[in-house]
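Breakdown of the fold
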Amino acid sequence: MNHDLNVLLVEDDDIDFMSIVRSFKKRKILNKITRAIDGVHALELLREETITKPFIVLLDLQMPRMSGLEFLDTIRNDDMLNDIVIFVLTTSDNEQDIVKSYKKHIAGYFLKDRVSDQFLDVVDVLDGYWRILQLPKG
Amino acid sequence: MDKKSPSDTAEFNISAYDQAEFNDLLFENMPDYAFVKNDSFKIVKANSAFLSMYPTNIRDKVIGYTTVEDYQPKEAELFLARDKEAFEQGYSETVETITFPDHRIRTLLTRKKRFEAIDGRTYILGIATDVTEREELIEKLRKSNDDLDQFAYMASHDLKAPLTAIAKLVSWIDEDHRSELPVGAIENFELIKSRINRMTQLLNDMLTYSRVNQTPHEKEEFSFKDLVLEQFDMICIDKEFNLSCCELIVSLQKDAIAIVLRNLLANAIKHHHLDHGNIDVTIEEKKGFYLIKVTDDGPGIDPQYSSKIFEMFQTLKPRDQQEGSGIGLAICKKIANHYAGDITLIDQPNGTSFLVTWPSVPTQQPPFKRIK
């Protein structure tokens, strides 16, 4: 069983970020959320190893500088980082985005519109997933 | 209008000899590029408009020549293919962009018709109409329509993000500080929430409007009655409405029809002056099209608004009295028109009745009538 859920949240929107933090608090889940404001920032954090393993990534798609799909591309071509578990959390219900994301081996695709304004559903899923999940160590 | 006097008609009775001369006059003076080719693709006759495509110094090298070498190889290949098609099948028609021998680039609608002359040999008569301006305008119009749809999509999509953020912040203030707020502030917060919902509805409907005909709906066979009942059950949730609907198995674009029916049924319920009422839906098959009628016993619509109601953002009541984006009927009209149908308000003393016409046969016709 894993301890606290560690999340790298790649999200350019402050309110969405606050919203997710609130949802975790609401579920009384003690966790560590690290925020990156876009793909470039997220890569910096990952390469500096700022985030303690194990962790999962919650990724927005539309972001400045480096989009979610570009981030996925980079991660999957990086020998050091390509085993990271990534969930997409976006407003885009575009079929192309969904297909492209899964081709980059994401663990799941959540729609912001569909998950109410509080992301409680997403938090519940991630929490349940985290409790029984086995991730590579180190 | 004046009646035709017998002497007028008599003046058109020209002799066979005059007829030939008249035909030449017609051929020579028509604004279209007209030419006759023989079965070895050589031009044997051409009018002055056709000859004017060629620079003056080579105009004597047109009649009796194929003139293929005067054109770009790719373009020549295309019009020779149409020549062959006309010789083999009797007729060909194409819209083509051609670089003229005098280097002008024009778009032509070219029709080629095979005929047999007294000498027993077959020829083709070619008539090419310059449609460059028309095609350019069509292209511009298409682009600006696409841009408009794209703009509406982007605008409604991007406006939704800050709106969602506002909605969240308001609900957080409510959650965290409700007990500290004075009554007046709480009332205003409720108003903010209702306006947020209204704007969300508006943006969602705008999105629907801009995307509505982007997905092509294929025809499928289905029970009209089942579709109406299905849509009705989705909308009529907490109100007592009676629905009557006739049955007909139809072959139509189901998903598109469903959107139209859903909007009409929702309007009938929403705008009814009572919380109960009757709705009647009928469908009739006519020659080449269906007539769908949705009638209710609500307050009715003043006929003076019969066209205004189909415009974007039009509502007949202030939105504070009756929630609505004012886009529903505009969506219905856009869909019906897309499938070459229409929707109109029927003038009647009681209640409201909408008539939808929807073609049952493919409406794709050849763009131009063929020459006989």
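Residues numbered from 1 in each chain as written. Chains lettered and ligands numbered in written order. Predicted model: local features only at pLDDT ≥ 70, side-chain atom pairs only at ≥ 80, totals over all residues. Heavy atoms only, no water.

The next point concerns the overall build of chain A. Check the secondary structure of chain A and you find five helices and five strands. Secondary structure elements of chain A occur, N-terminal to C-terminal, as β-α-β-α-β-α-β-α-β-α. Its C-alpha radius of gyration of 14 Å places chain A within 12% of the 14 Å reference for a compact globule of 138 residues. Principal axes of the C-alpha set define a box for chain A whose edges measure 35 × 35 × 25 Å. Considering only contacts in chain A between residues 6 or more positions apart, those separated by 24 or more positions represent 66%. A total of about 7,400 Å² of accessible surface is found on chain A, and carbon and sulfur atoms cover 53% of it. Measuring between centres, the 18 positive side-chain charges of chain A sit 5 Å from its 24 negative side-chain charges. (Helix = DSSP H or I, 4+ residues; strand = E, 2+ residues; numbered from the N terminus. Rg over C-alpha atoms; globule rule 2.2 N^0.38 Å. Contact = heavy atoms within 4.5 Å. Areas by Shrake-Rupley, 256 points an atom, 1.4 Å probe, with all protein chains shown as cover. Lys, Arg positive; Asp, Glu negative; His and termini not counted. Charge placed at Lys NZ, Arg CZ, Asp CG, Glu CD.)

Our focus in this paragraph is the overall build of chain B. A tally of helices and strands in chain B yields nine helices and 12 strands. For a compact globule of 372 residues, the expected C-alpha radius of gyration is about 21 Å, and chain B comes in at 31 Å, more than 25% above that figure. Over its C-alpha atoms, taken along the principal directions, chain B stretches across nearly 100 × 50 × 45 Å. Among the 372 residues that make up chain B, the fraction classed as buried is 37%. Pairs at least 24 apart in sequence give 58% of the contacts found in chain B among residues at least 6 apart. Entry remark: accessible area of chain B is about 22,400 Å², with carbon and sulfur atoms responsible for 55%. Distance between charge centres in chain B, computed from 45 positive and 60 negative side chains, equals 3 Å. (Buried < 20%, exposed > 50% of the residue type's maximum accessible area, 1.4 Å probe, protein only.)

Our next topic: the interface of chain B and chain A. In this assembly, nine residues from chain B lie in contact with 12 residues from chain A. Overall, the association of chain B and chain A removes approximately 900 Å² of surface from exposure, summing both partners, and the carbon and sulfur fraction of that is 49%. The three residues of chain B that bury the most area against chain A are K168, W172 and E175 of chain B, which together make up 58% of that side's buried surface. Counting across the interface, chain B meets chain A through four salt bridges. E175 of chain B is paired through a salt bridge with R22 of chain A; the nearest N and O atoms lie 3.0 Å apart. The interface formed by chain B and chain A holds four residue pairs in polar contact (both at pLDDT 80 or more) in total. (Buried area = accessible area lost by both parts, 1.4 Å probe. Salt bridge = Lys/Arg side-chain N within 4 Å of Asp/Glu carboxyl O. Polar contact = N/O pair within 3.5 Å; in protein donor to acceptor, adjacent residues only side chain to side chain.)

Further remarks concern a negative patch on the surface. All names here are of chain B. Taken together, D226, E230, D233 and E247 make up a surface patch of like negative charges. In this structure, E230 sits in helix α7 (residues 224-235). We classify E230 as partly exposed; its relative accessible area is 41%. (Patch = residues over 30% accessible without salt bridge, like charges linked within 9 Å, V, L, I, M, F, W, Y side chains within 5 Å.)

With that settled, consider a nonpolar patch on the surface. Residues and elements named next belong to chain B. On the surface, F22, L25 and L26 cluster together into a nonpolar patch covering about 300 Å² of accessible area. Its place among the elements puts L26 in helix α2 (residues 16-29). Taking the relative accessible area as the measure of exposure, L26 reaches 51% and is therefore exposed.

Residue and element names in this part refer to chain B. Overall, the coordinates contain 12 aromatic pairs over all chains when judged by the stated rule. With 5.8 Å between their ring centres and 45 degrees between their planes, F50 and Y54 make a pair best called tilted. For the pair F50 and Y54, a shared accessibility class is recorded, and that class is buried. One aromatic cluster in this structure is built from F35, F50, Y54, Y71 and F79. Positioned over the ring face of F310 is K333, at 4.7 Å from the centre of the ring. Taking NZ or CZ as reference, K334 lies 4.4 Å from the ring centre of Y209, over its face. (Phe/Tyr/Trp six-rings, centres within 6.5 Å; stacked < 30°, edge-to-face > 60°. Lys NZ or Arg CZ within 6 Å of the ring centre and 35° of its normal.)

Treat this as a map of the structure, not an account of what it does.
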